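Chain residues, written in single-letter form:
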Number of protein chains: 4
Amino acid sequence: MDGIEVETLANPELSDPVFIEGLPGVGHVGKLAAEHLLDEFDGELVRRIYTDDFPPQVSIDDEGVAELTHAEIHAVDADGTDLLVLTGDHQAQSNAGHYRLADAFLDVAEEFGVSRVFALGGVPTGELIEEYTVIGAVTESDQLADLEDAGVEFREDEPAGGIVGVSGLLLGLGKRRAIPAACLMGETSGYLVDPKSARAVLEVMQTAIGFEVNFDSMEERAEEMEEVVSKIQEMQGQQSGMPSDDDLRYIG
Amino acid sequence: MDGIEVETLANPELSDPVFIEGLPGVGHVGKLAAEHLLDEFDGELVRRIYTDDFPPQVSIDDEGVAELTHAEIHAVDADGTDLLVLTGDHQAQSNAGHYRLADAFLDVAEEFGVSRVFALGGVPTGELIEEYTVIGAVTESDQLADLEDAGVEFREDEPAGGIVGVSGLLLGLGKRRAIPAACLMGETSGYLVDPKSARAVLEVMQTAIGFEVNFDSMEERAEEMEEVVSKIQEMQGQQSGMPSDDDLRYIG
Amino acid sequence: MDGIEVETLANPELSDPVFIEGLPGVGHVGKLAAEHLLDEFDGELVRRIYTDDFPPQVSIDDEGVAELTHAEIHAVDADGTDLLVLTGDHQAQSNAGHYRLADAFLDVAEEFGVSRVFALGGVPTGELIEEYTVIGAVTESDQLADLEDAGVEFREDEPAGGIVGVSGLLLGLGKRRAIPAACLMGETSGYLVDPKSARAVLEVMQTAIGFEVNFDSMEERAEEMEEVVSKIQEMQGQQSGMPSDDDLRYIG
Amino acid sequence: MDGIEVETLANPELSDPVFIEGLPGVGHVGKLAAEHLLDEFDGELVRRIYTDDFPPQVSIDDEGVAELTHAEIHAVDADGTDLLVLTGDHQAQSNAGHYRLADAFLDVAEEFGVSRVFALGGVPTGELIEEYTVIGAVTESDQLADLEDAGVEFREDEPAGGIVGVSGLLLGLGKRRAIPAACLMGETSGYLVDPKSARAVLEVMQTAIGFEVNFDSMEERAEEMEEVVSKIQEMQGQQSGMPSDDDLRYIG
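Residues numbered from 1 in each chain as written. Chains lettered and ligands numbered in written order. Predicted model: local features only at pLDDT ≥ 70, side-chain atom pairs only at ≥ 80, totals over all residues. Heavy atoms only, no water.

Identification of chain A as Proteasome assembly chaperone family protein from Salinirubrum litoreum is taken from an unreviewed UniProt entry.

This is the structure we're talking about:
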């Protein structure tokens, strides 16, 4: 394997597909949101992307069968809207690797003739969240109005440090290719895997893209988390506000 | 030297050889197991593999003669079964280096027409071990039954973080080349060089591959370790359960 | 994007332009000085430089529009003297990346036929500064007299560790291309963003290059900092001399 | 600059030259020894070696003139014996960089038809040294007898971790090119710049290669260090045995 390898599994004809990225990040918001789409809608695995900038690692499934670390792209039919959903277990591990990987993702997006790209993620607030706002960033200002109508907030110079990782580069490199791209970031504490923040992001997308998704399964995960949050808040009376690793493992 | 260099020392005709990897890792289980095969059976050095992703280092032998860090592959006749045994002092030092090195190893395996690959290693339990279980992972589910018969345990989603390093990649990249590969991981505390765990791995392999190896010399090393473990357990009465660096040096 | 990409936005005819580098560094002295030139004089963006050795990141503007991290070069008319002013938010993130980037900057400098290069920066003293000296280094000793006349001090073996980063390489690689280059380093505490040190550097450059720039806006920033410095000096009566992160944020 | 650049300054005809490497390392033993040869004998700069794996840095001389970080090779006439002496301020900064650099040095060695290579360095003992032993390692066992006659000690499996960095690779890669190479390592505390250890290494080389060098200037530096060592030993009565950074700066 040399640098990066894109394996083609299927090449379905898609109509103006929307590309949606949900790799791991703050609160696993983007990953939870993207995986929820794969759970709820019918889809087909179209690409596997391998790179020597992922960790040298295999995952093991329930049976004991190994699979080389990779990202994958599914073609998903969301209420008649074609989506290309990118998921995976890792970000790249170096600067140059991030650029290479984001370029490979955009190559696939262009092959399928995507109309726009959404990079999903979380923005850490450092506090437990009551109301889940979704912050946005776009490649061109003509995207702002529609997204504001869908409930996305655009704040002056926020997030302060810009957007890093593959989400950031899908915008940065997408803009240079003239592919309209937006990043939707659910506010999240940053301490917990956060299905409620993922839901907030998906709700915005429902309006922006025009599909409807069922949230029952996500609600269950969110309720599990509610219990953990309650426990944490109890504990906060006693000591520090940072949940322990055990708490995080419970709800991960 | 540019990237990676494979030096050919011999090209014996082998019959359906089995490739066995034993590079350093947890408890040095894989390395001890592979080196035991080289000690007990007749063999011939067939390849040296150099890479600029190994540390910039020479080892010095008893006489004072230096040798550039490398991995080596011996053709070994194990009771009439041909083995290719890979040993060395280092893993690669970067992500891309791991991929390059594992690909080079698989190239050699394919040159010799191997029928399957075994990657040997240890899985850390954090506790001193009474009974040495061998955990497995495979590239294809049709390998499971035979290995279970040989005593390998396959556990749901274990090891939890997948398998990292060259062992992981021999499975991940081997699978992509359609070379059947299995990883055999002896349970081990993770604190000690563990010949007993290495023996457990070799016993499984005897059944799985079909050869018999004498364990007398390994028994000696294991008894030395037993003494150290006793000392440590005495010490545990007094203080922490982690052996000190001096203990580890003694038995390394 | 592969390695480095230089985007051409304009190719104005310039007369013996002087290349001025002001990337982030100690006290942001070079960056403040270069940006002040862009604020005060008319200019035109001529090049954007992207590299996969910058962080994988986009910045977000006031509206919420993202822009891929890059360095940029403006052609500036300073009182009839042509300048090429290099600014940006990042240095390279690896050794090889620094070399590649500095070479790319010098390529642009040569395309425009620059007569000389000034790399601007700060040199940390560890103490709050009363009088702002500018320390220099050059590629050829025939540059010394003019710069000394302009008020630059050259001190034996100072800065002690040499000059690192892009500023250092513009001299080191510039010298190998026979482009006369000088580094002008304003003394600065190293704790604070330091507009006064940037002004000292610009005052030296006015004489050395022959232009005049208005310092009113810089004076404002400097006064803001004066207040912070006073506060810090008050605090120094009580505790340590290191300003807190909050102080730094206030004046950054 | 791309990867590595070797600049040719002169190509004198040399008779069976001996290549001597003295880059920075433990106690700066190799560097002090090599620089002493340049101080005492007539020589000519024949090569400058630049690489983007050196730090992105220029050094500044007494006048304020900058020079890009590089290694350099002088042809030296030592009592009628031709030497090629390699010195510099840096080792490479990555694994692959070390390999590339050592290969470039050996290329130059082969261009000049060197008969053998000596890599000079220090081996840390962790204690102040009374008697300065020189430990050796070679590429071929037929070099052992002569070096033992010259006073070099060869110890079983010492240094324990092998030899790292450019010194190690000159042996490891030299051996693969069939260039006889030896590493001479002066014992040194590891805390101090150690001219006495450098002298011990040079004394061995005088016998091994066949030249005589004056040690007066080295004696001066050694005496300066003696004073510091005395001070440190006084201080040891009071507190810890590790000299402070200030002490080290004084004698560096």
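And the narrative resumes.
Draft legend 1. Inspection of the pairing of strand 6 (residues 71-78) of chain D at higher detail. All names here are of chain D. Among the eight residues that make up strand 6, six are buried, leaving the element largely enclosed by the rest of the structure. For strand 3 (residues 43-51) and strand 6, the ladder comprises six bridges, and the chain directions are antiparallel. Note that in strand 6 the partner of Gly43 across the bridge is Val76. In terms of strand pairing, strand 6 meets strand 7 (residues 81-88) through eight bridges, oriented antiparallel. Along strand 7, the bridge assignment pairs Val76 with Leu83. The antiparallel pairing of strand 6 with strand 7 creates a hairpin that spans two residues between the two strands, and Asp79 there sits at a positive phi of about 55°. (Buried < 20%, exposed > 50% of the residue type's maximum accessible area, 1.4 Å probe, protein only. Helix = DSSP H or I, 4+ residues; strand = E, 2+ residues; numbered from the N terminus. Pairing = 2+ DSSP bridges.)

Draft legend 2. Region of the structure containing the side chain of B:Lys31. All names here are of chain B. One can find Lys31 in helix 1 (residues 29-40). Residue class for Lys31 comes out buried when judged on its relative accessible area of 11%. Look past the residues within four positions of Lys31 in its chain and what remains in contact with it is Gly22, Leu23, Pro24, Gly88 and Asp89. (Contact = heavy atoms within 4.5 Å.)

Draft legend 3. Inspection of the interface of chain B and chain D at higher detail. Counting from both sides, the interface comprises 23 residues of chain B and, opposite them, 29 residues of chain D. Together chain B and chain D conceal approximately 2000 Å² of surface at their shared face, both sides included; 53% is due to carbon and sulfur atoms. On the chain B side of the contact with chain D, B:Pro56, B:Ile60 and B:Leu68 bury the most area, a combined 30% of that side's loss. For the pair chain B and chain D, the interface holds three salt bridges. On inspection of chain B and its partner chain D, the count reaches 11 residue pairs in polar contact (both at pLDDT 80 or more). Of all the secondary structure elements, the ones that give two or more residues to the side of chain B that touches chain D are strand 1 (4-8), strand 3 (43-51), strand 4 (57-60) and strand 5 (66-68) of chain B. Examining the composition of the side of chain B that touches chain D, we find that four residues originate from one element, strand 4 of chain B, more than from any other. One ladder, built from two bridges, connects strand 4 of chain B with strand 10 (residues 163-164) of chain D; its direction is antiparallel. Each bridged residue has a counterpart across the sheet, and for B:Val58 the counterpart in strand 10 of chain D is D:Ile163. (Buried area = accessible area lost by both parts, 1.4 Å probe. Salt bridge = Lys/Arg side-chain N within 4 Å of Asp/Glu carboxyl O. Polar contact = N/O pair within 3.5 Å; in protein donor to acceptor, adjacent residues only side chain to side chain.)

Draft legend 4. Structural view of unusual backbone geometry. Phi at A:Asp79 is positive, roughly 55°, even though this residue is not glycine. Position of A:Asp79 among the secondary structure elements: in the loop between strand 6 (71-78) and strand 7 (81-88). Assessed through its relative accessible area of 51%, A:Asp79 is described here as exposed. With a phi close to 65°, C:Ala178 is a non-glycine residue in the positive phi region. Residue placement: C:Ala178 occurs in the loop between helix 4 (165-176) and strand 11 (181-188). Residue C:Ala178 is classed as exposed on the basis of its relative accessible area of 65%.

Draft legend 5. The arrangement of the sheet that holds strand 10 (residues 163-164) of chain C in detail. As summarised here, the arrangement of the three strands in space is 10(C)-4(D)-5(D), forming an open sheet in which the pairing is antiparallel. In this open sheet, the two edge strands, each paired with only one partner strand, are strand 10 of chain C together with strand 5 (66-68) of chain D.

Draft legend 6. Region of interest: the packing of helix 1 (residues 29-40) of chain C against helix 5 (residues 195-210) of chain C. Residues and elements named next belong to chain C. Where helix 1 meets helix 5, the closest approach of the two axes is 8 Å, and the angle between their N-to-C directions is 65°. Between helix 1 and helix 5 the crossing geometry is right-handed. When helix 1 is examined against helix 5, the residues Val29, Leu32, Ala33, His36 and Leu37 are found in contact with a partner set consisting of Pro195, Ser197, Ala198, Val201 and Leu202. Each residue belonging to the contact of helix 1 with helix 5 can be placed in one class, and the counts come to eight nonpolar, two polar and no charged. (Axes fitted to C-alpha atoms, helices over the stretch in contact; angles between N-to-C directions. Left-handed = near helix turned anticlockwise from the far one by under 90°. Nonpolar A, V, L, I, M, F, W, Y, C, P; charged D, E, K, R; others polar.)

Draft legend 7. Representation of the interface of chain C and chain A. Listed by partner, the interface residues are 23 residues for chain C and 29 residues for chain A. Surface buried jointly by chain C and chain A totals about 2000 Å² across both partners, of which 53% is contributed by carbon and sulfur atoms. At the boundary of chain C and chain A, one finds three salt bridges. Taking the shortest distance from any N to any O, the salt bridge between C:Glu67 and A:Lys175 comes out at 3.8 Å. In this structure, the connection of chain C to chain A is made through 11 residue pairs in polar contact (both at pLDDT 80 or more). Counting residues per element, the side of chain C that touches chain A draws most heavily on strand 4 (residues 57-60) of chain C, at four residues.

Draft legend 8. The environment of C:Met1, seen in detail. Position of C:Met1 relative to the elements: it lies in the segment before strand 1 (4-8). Take C:Met1: its relative accessible area is 14%, and that puts it in the buried class.

Draft legend 9. Fine view of the relation of the copies chain B and chain D. Each copy superposes on the other: chain B lies on chain D with an RMSD of 0.1 Å after a rotation of 90° and an axial shift of 0.1 Å. Expressed as an axis order, the relation between the two copies is that of a four-fold axis. Residue B:Ser94 of chain B places its C-alpha closer to the rotation axis than any other residue of that unit, at 7.5 Å. (Least-squares fit on C-alpha atoms with pLDDT ≥ 70 in both.)

Draft legend 10. Structural view of the sheet that holds strand 1 (residues 4-8) of chain A. Residues and elements named next belong to chain A. The eight strands lie next to each other as 1-3-6-7-2-8-11-9, forming an open sheet whose pairing is mixed. The strands lining the two open edges of the sheet, one partner per strand, are strand 1 and strand 9 (134-138). The mean inter-strand angle of the sheet, taken between neighbouring strand axes irrespective of direction, is 20°. Sheet topology note: the strand 1/strand 3 (residues 43-51) ladder contains five bridges and is antiparallel. The residue bridging Thr8 from the neighbouring strand is Arg47, located in strand 3.

Draft legend 11. View of the packing of aromatic side chains. In total, this model carries four aromatic pairs over all chains according to the counting rule given. Look at C:Phe41 and C:Phe211: their rings are 5.9 Å apart centre to centre, the planes differ by 85°, and that puts the pair in the edge-to-face class. With a gap of 170 residues between them, C:Phe41 in the loop between helix 1 and strand 3 (43-51) and C:Phe211 in the loop between helix 5 and helix 6 (216-238) connect regions that are remote in the sequence. Each member of the pair, C:Phe41 as well as C:Phe211, carries the same accessibility label: buried. A cation over a ring is seen here: B:Arg176 above A:Tyr50, with NZ or CZ 3.8 Å from the ring centre. (Phe/Tyr/Trp six-rings, centres within 6.5 Å; stacked < 30°, edge-to-face > 60°. Lys NZ or Arg CZ within 6 Å of the ring centre and 35° of its normal.)

Draft legend 12. Region of interest: a negative patch on the surface. All names here are of chain C. On the surface, a cluster of negative charge is made up of Asp39, Glu40, Asp216, Glu220, Glu223, Glu224 and Glu227. Per element, the largest residue contribution to the negative patch is five residues, and it comes from helix 6. With respect to the secondary-structure elements, Glu227 resides in helix 6. (Patch = residues over 30% accessible without salt bridge, like charges linked within 9 Å, V, L, I, M, F, W, Y side chains within 5 Å. Areas by Shrake-Rupley, 256 points an atom, 1.4 Å probe, with all protein chains shown as cover. Lys, Arg positive; Asp, Glu negative; His and termini not counted. Charge placed at Lys NZ, Arg CZ, Asp CG, Glu CD.)

Draft legend 13. Representation of helix 1 (residues 29-40) of chain A within the structure. Here helix 1 of chain A is 12 residues long and its end C-alpha atoms lie 17 Å apart, about the 16 Å a rise of 1.5 Å per residue gives. Where helix 1 of chain A is concerned, the buried positions are A:Val29, A:Gly30, A:Lys31, A:Leu32, A:Ala33, A:Ala34, A:His36 and A:Leu37. (Expected span 1.5 Å × (residues − 1).)

Draft legend 14. Spatial organisation of the pattern of salt bridges. Under the counting rule described, the total for this entry stands at 66 salt bridges over all chains. Here B:Arg48 and B:Glu7 are joined by a salt bridge, their closest N and O atoms 3.4 Å apart. You can see B:Arg48 sitting in strand 3 and its partner B:Glu7 sitting in strand 1, a full 41 residues away along the chain. As a salt-bridge pair, C:Lys31 and C:Glu35 come within 3.0 Å of each other at their nearest N and O atoms. Remark: C:Glu35 and C:Lys31 occur in helix 1; sequence separation between them is four residues, near one turn of the helix. What emerges from the salt-bridge pattern is a single network uniting A:Glu5, A:Glu7, A:Arg48, A:Glu67, B:Lys175 and B:Arg176.

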